[in-house]
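Structural overview
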Amino acid sequence: MREQKNLKDKKRIVFKIGTSTLTHAETGGLDLVKMEKFVRILTDLHNQGKEIVVVSSGAIGVGRKALGLKERPEERSLKQACAAVGQSRLMMVYEKLFSEYNQHTAQILMTKITIANDTSRHNAQNTFRELLDIGVIPIVNENDTVATDEIDFGDNDFLSAIVSAIVKADLLVLLSDIDGLYTDDPNTNPKAERIPFVEHITDEMLGMAKGPVSDIGTGGMSSKVGAAGIANDAGADMAIINGNDMDNINRLFAGEDIGTLFEAHKTRHFHLKNYLDR
């Protein structure tokens, strides 16, 4: 077993937080205590000199809760309606929480067109660079209100890996509802073992990953392993940790053996457009 890599010197970090981590499972409402701690920890990391980007799910879930829908919508138009209602509410909570610590934030909404179009991609890179240079924490989500099947990312694990490549991040951290990558599904196999370190993603590891297990979020372990492949190719390490305990973020940077770390191996001639038709 390889020891956990030292991550405390990472400078530019992307955090992805999913709907199942942001919300209460029983009601679908925002878990404000967890969100406040998440915001506080990120602000403290920022105060240490790190550059932070957040990729946040939750818009559709928050909108669904606000509109009183008991089940996750399947129709595109209803999803977009939920996103339109939920995105402003979600950003309002983020803005309020971050402002308590005098931390400025900005909202960035993206679709695949942002990446596929050279001008839009360069503009996005410039916007991220300027925001990080002036100390702002960008909060990114897919632009669900206008996305179609052809131009959406599908899940925010994929989007977070794309963002990591755009901003040239040193590290991508996925906050999940599981402790990392396992040899099998730990929910059904008590003998499943956590894999602490991945140097190269193998076909066997892809087979270990399971799909989504919740009607709240969209990304399962398979999407997280896929995100690791993109982030690693772009030159960023990627960690999966359990976001149900936000202190795991501090434990990760303290070098404790938690989660799963996928080691970067920057691909020569890396180009984001090659990853859009996955």
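Note that the structure is a prediction, hence the values are computed from the model and not measured.

**Description of the overall build of the protein chain**
Each helix and strand counted, the protein chain has 10 helices and eight strands in total. Here the protein chain, with 278 residues, has 54% of them falling under the buried criterion. Roughly 12900 Å² of accessible area belongs to the protein chain as shown, and the carbon and sulfur atoms make up 47% of that amount.

**Notes on the environment of Leu159**
Mapped onto the elements of the fold, Leu159 is located in helix H7 (residues 156–167). Leu159 sits 68 residues away from Ala227 along the chain, and the two C-alpha atoms are 8.2 Å apart.

**Some remarks on the pairing of strand E4 (residues 137–142)**
For E4, the tally of buried residues reaches six of six residues, placing the bulk of the element in the interior. Judged from the two bridges that link them, strand E2 (residues 51–56) and E4 form a sheet pairing that is parallel. What sits directly across from Val54, in E4, is Ile139. Pairing geometry for strand E3 (residues 105–110) and E4, over six bridges, is parallel. Bridge pairing in E4 places Gln107 opposite Ile139.

**Description of the environment of Asp177**
Within the secondary structure layout, Asp177 lies in the loop between strand E5 (171–176) and strand E6 (197–198). Not counting the four nearest positions on each side in its chain, Asp177 is found in contact with Ser20, Thr21, Asn242 and Asn244.

**Digging into the side chain of Ser176**
Looking at where Ser176 falls in the secondary structure, it is placed in strand E5. Side chain to side chain, Ser176 and Asp177 meet in a polar contact 3.4 Å long.

**Notes on the pattern of salt bridges**
Per the counting criterion, the structure on display carries 10 salt bridges. The closest approach of N and O atoms between Arg40 and Glu36, which form a salt bridge, is 3.1 Å. Of this pair, Arg40 and Glu36 both sit in helix H2 (residues 32–47), separated by four residues, roughly a single helical turn. Where Arg194 meets Asp257, a salt bridge forms, and the shortest distance between an N and an O atom there is 3.3 Å. Of this pair, Arg194 sits in the loop between E5 and E6 while Asp257 sits in the loop between helix H10 (247–253) and strand E8 (260–262), and the two are 63 residues apart along the sequence. Relative accessible area serves as the criterion here: at 26%, Arg194 is assigned to the partly exposed category.

**Things to note about the packing of H7 against helix H9 (residues 221–234)**
Where H7 contacts H9, the axes come no closer than 8 Å and their chain directions differ by 5°. Comparing the axis directions of H7 and H9 gives the class roughly parallel. Residue-level contacts link Asp157, Phe158, Ala161 and Ala165 of H7 to Ser223, Lys224, Ala227, Ile230, Ala231 and Ala234 of H9. Of the residues assigned to the contact of H7 with H9, the class counts are seven nonpolar, one polar and two charged.

**Description of the packing of aromatic side chains**
Tallied over the entire structure, the rule returns two aromatic pairs. Between Phe15 and Phe38, the ring centres sit 6.5 Å apart and the planes meet at 80°, which makes this aromatic pair edge-to-face. In this pair, Phe15 sits in strand E1 (residues 12–17) while Phe38 sits in helix H2, placing the two residues 23 residues apart along the sequence. Accessibility expressed as a relative area gives 0% for Phe38, which makes it buried.

**Description of the side chain of Thr19**
Relative to the helices and strands, Thr19 resides in helix H1 (residues 19–22). Judged by relative accessible area, Thr19 falls into the buried class, the value being 9%. Within the structure, the side chain of Thr19 is placed 3.2 Å from the backbone nitrogen of Gly58, a separation counted as a polar contact.

**Digging into the sheet that holds E4**
Taken in spatial order, the eight strands line up as E3-E4-E2-E1-E5-E7-E8-E6 in an open sheet, and their pairing is mixed. A single partner strand is all that each edge strand has here, and the edge strands are E3 and E6.

**A few points about the packing of H2 against helix H4 (residues 76–99)**
Across the interface, H2 lies against H4 with an axial gap of 9 Å and an inter-helix angle of 55°. Between H2 and H4, the angle is such that the two are oblique. Remark: the crossing between H2 and H4 carries right-handed chirality. Between H2 and H4, the residues in contact are Leu32, Met35, Glu36, Phe38, Val39 and Thr43 and Leu90, Val93, Tyr94, Leu97 and Phe98, respectively.

Rules of the game
- Residues numbered from 1 in each chain as written.
- Predicted model: local features only at pLDDT ≥ 70, side-chain atom pairs only at ≥ 80, totals over all residues.
- Heavy atoms only, no water.
- Helix = DSSP H or I, 4+ residues; strand = E, 2+ residues; numbered from the N terminus.
- Buried < 20%, exposed > 50% of the residue type's maximum accessible area, 1.4 Å probe, protein only.
- Areas by Shrake-Rupley, 256 points an atom, 1.4 Å probe, with all protein chains shown as cover.
- Pairing = 2+ DSSP bridges.
- Contact = heavy atoms within 4.5 Å.
- Polar contact = N/O pair within 3.5 Å; in protein donor to acceptor, adjacent residues only side chain to side chain.
- Salt bridge = Lys/Arg side-chain N within 4 Å of Asp/Glu carboxyl O.
- Axes fitted to C-alpha atoms, helices over the stretch in contact; angles between N-to-C directions.
- Parallel < 35°, antiparallel > 145°, perpendicular 65-115°, else oblique.
- Nonpolar A, V, L, I, M, F, W, Y, C, P; charged D, E, K, R; others polar.
- Phe/Tyr/Trp six-rings, centres within 6.5 Å; stacked < 30°, edge-to-face > 60°.
- Left-handed = near helix turned anticlockwise from the far one by under 90°.

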